[in-house]
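The residues making up each chain are set out below.
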Amino acid sequence: MPGRLDDAAGWLLLQAAVVLQRTVAGRDAAERLQARRNAALRAAHRRGIPVDVLAARMRLSSGWVRQVLGGRRPAVEEAA
């Protein structure tokens, strides 16, 4: 009996790992996270945070931040 329970638990753990992998590491997930980040940047800017401060805190260039604030998608995602 313990062998069957171990097998079932193993399959459940594998399924959980697959779901996490697709949620965290997938291209669509990364794009959703970037869209949320960009929305947060735009919201902070609307509430008075200057571009230079946003860029410094995000460790990105001012030009990149301006592109995001303008609603454009930067050609290359900068490394943080």
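Attention in this report is confined to the structure presented alongside it. (Residues numbered from 1 in each chain as written. Predicted model: local features only at pLDDT ≥ 70, side-chain atom pairs only at ≥ 80, totals over all residues. Heavy atoms only, no water.)

This part covers the overall build of the chain. Regarding its fold elements, the chain presents four helices and zero strands. From first element to last, N terminus to C terminus, the chain shows the α and β order α-α-α-α. Taking the contacts inside the chain whose residues are at least 6 apart along the sequence as the reference set, 26% of them involve residues at least 24 apart. (Helix = DSSP H or I, 4+ residues; strand = E, 2+ residues; numbered from the N terminus. Contact = heavy atoms within 4.5 Å.)

On to unusual backbone geometry. Here the phi dihedral of Arg59 falls at roughly 60°; this positive angle occurs in a residue that is not glycine. Its place among the elements puts Arg59 in the loop between α3 (51-58) and α4 (62-69). Classification of Arg59 as exposed rests on a relative accessible area of 68%. (Buried < 20%, exposed > 50% of the residue type's maximum accessible area, 1.4 Å probe, protein only.)

In the contact formed by helix α2 (residues 27-46) and α4, the axes pass within 9 Å of each other and the chain directions differ by 90°. Taken together, α2 and α4 sit at an angle that is classed as roughly perpendicular. In this structure, α2 contributes Arg37, Asn38, Leu41, Arg42 and His45 to the contact, and α4 contributes Trp64, Val68 and Leu69. Its residues placed into classes, the contact of α2 with α4 shows four nonpolar, two polar and two charged. (Axes fitted to C-alpha atoms, helices over the stretch in contact; angles between N-to-C directions. Parallel < 35°, antiparallel > 145°, perpendicular 65-115°, else oblique. Nonpolar A, V, L, I, M, F, W, Y, C, P; charged D, E, K, R; others polar.)

Of all the positions in α4, only Trp64, Val65 and Val68 are classed as buried. Seen along its axis, α4 keeps its buried residues to an arc of 100°; they face one direction. Packed against the buried residues of α4 are α2 and α3. At the exit of α4 stands Gly71, carrying a positive phi of roughly 85°. (Arc of directions from axis to C-beta.)

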